[in-house]
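# Geometric and topological summary
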Amino acid sequence: LKKIAVFISGRGSNLAALIDAINTGALQAEIALVVSHTEKSGGLQLARSAGIPTVITQEGPASALTQNGQILVERLQAAEIDWIVLAGFIKKLPESIIDFYYPRLVNIHPALLPAFGGKGFYGMRIHQSVIERGVFYSGLTIHLVNKDYDAGPIVFQKIVNVEEDDNAERLAERILREEHRYYALVIQRLLYQSFIIRNKRIFFQ
Ligand code: GRF
């Protein structure tokens, strides 16, 4: 069974969906570690009640996490983590983790990258920008994580229509539902199917 570490910062609804997928057998993996940058994230409680070991990276500026990168890599290695799964983690990942794990790191972003991604695009701001810009389509992107923020090779995308009377909250909710449906399935493929990276896209073999 492959072991994953799930990195969170917030409510952890994607973490919950992954735990469900493991329980139904849709995702054959063990969440061996949940990493949060803050004690405050709701997902931590969820992890604890599911009996998953947790790690809090030092709270504070991004530099604190970067300094902690080596310690974190050691924790991940000690737990024999195969893949890093980001699920709402808002801090920049320490480069030492990317160096050690690439290409075995994946993230989910609630928009169609490269639009509405990169610096400053997180949380509700993404959906507000989508509405303000007047685009007809948004969605989600699952991508590998490299050192370029939100710009790693794309694994999967799913379109969600922006309705005429949408607001950011409603759009976010519909996209989140699709995130919960697809993230586990895509992770399952990444864990067990070989793939190649051509241009900036994944091709399963
Ligand atoms: C999700 O919308 C995800 O796409 C983004 O952050 C949000 C995390 O939500 N990266 P949750 O903590 O999983 O509920």
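All of these numbers come straight from a predicted model, not from anything done at the bench.

Thresholds applied
- Residues numbered from 1 in each chain as written.
- Predicted model: local features only at pLDDT ≥ 70, side-chain atom pairs only at ≥ 80, totals over all residues.
- Heavy atoms only, no water.
- Helix = DSSP H or I, 4+ residues; strand = E, 2+ residues; numbered from the N terminus.
- Salt bridge = Lys/Arg side-chain N within 4 Å of Asp/Glu carboxyl O.
- Buried < 20%, exposed > 50% of the residue type's maximum accessible area, 1.4 Å probe, protein only.

## Considerations on unusual backbone geometry
With an omega of 5°, the peptide bond running from Tyr102 to Pro103 counts as cis. Summarising the element assignment, Pro103 is placed in the loop between helix H5 (95-101) and strand E5 (105-109). At the junction of Leu113 and Pro114, the peptide bond is cis and its omega measures out at 10° in the coordinates. Within the fold, Pro114 resides in the loop between E5 and helix H6 (124-133).

## As for the pattern of salt bridges
Evaluation of the coordinates by the stated rule reveals 6 salt bridges. A salt bridge links Glu39 to Arg48; its shortest N-O distance comes to 3.1 Å. Under the relative-accessibility criterion, Glu39 is labelled partly exposed at 39%. Classification of Arg48 as partly exposed rests on a relative accessible area of 36%. Ionic pairing is found between Arg181 and Glu178, a salt bridge with its closest N-O pair at 3.1 Å. Remark: Glu178 and Arg181 occur in helix H7 (residues 168-192); sequence separation between them is 3 residues, near one turn of the helix.

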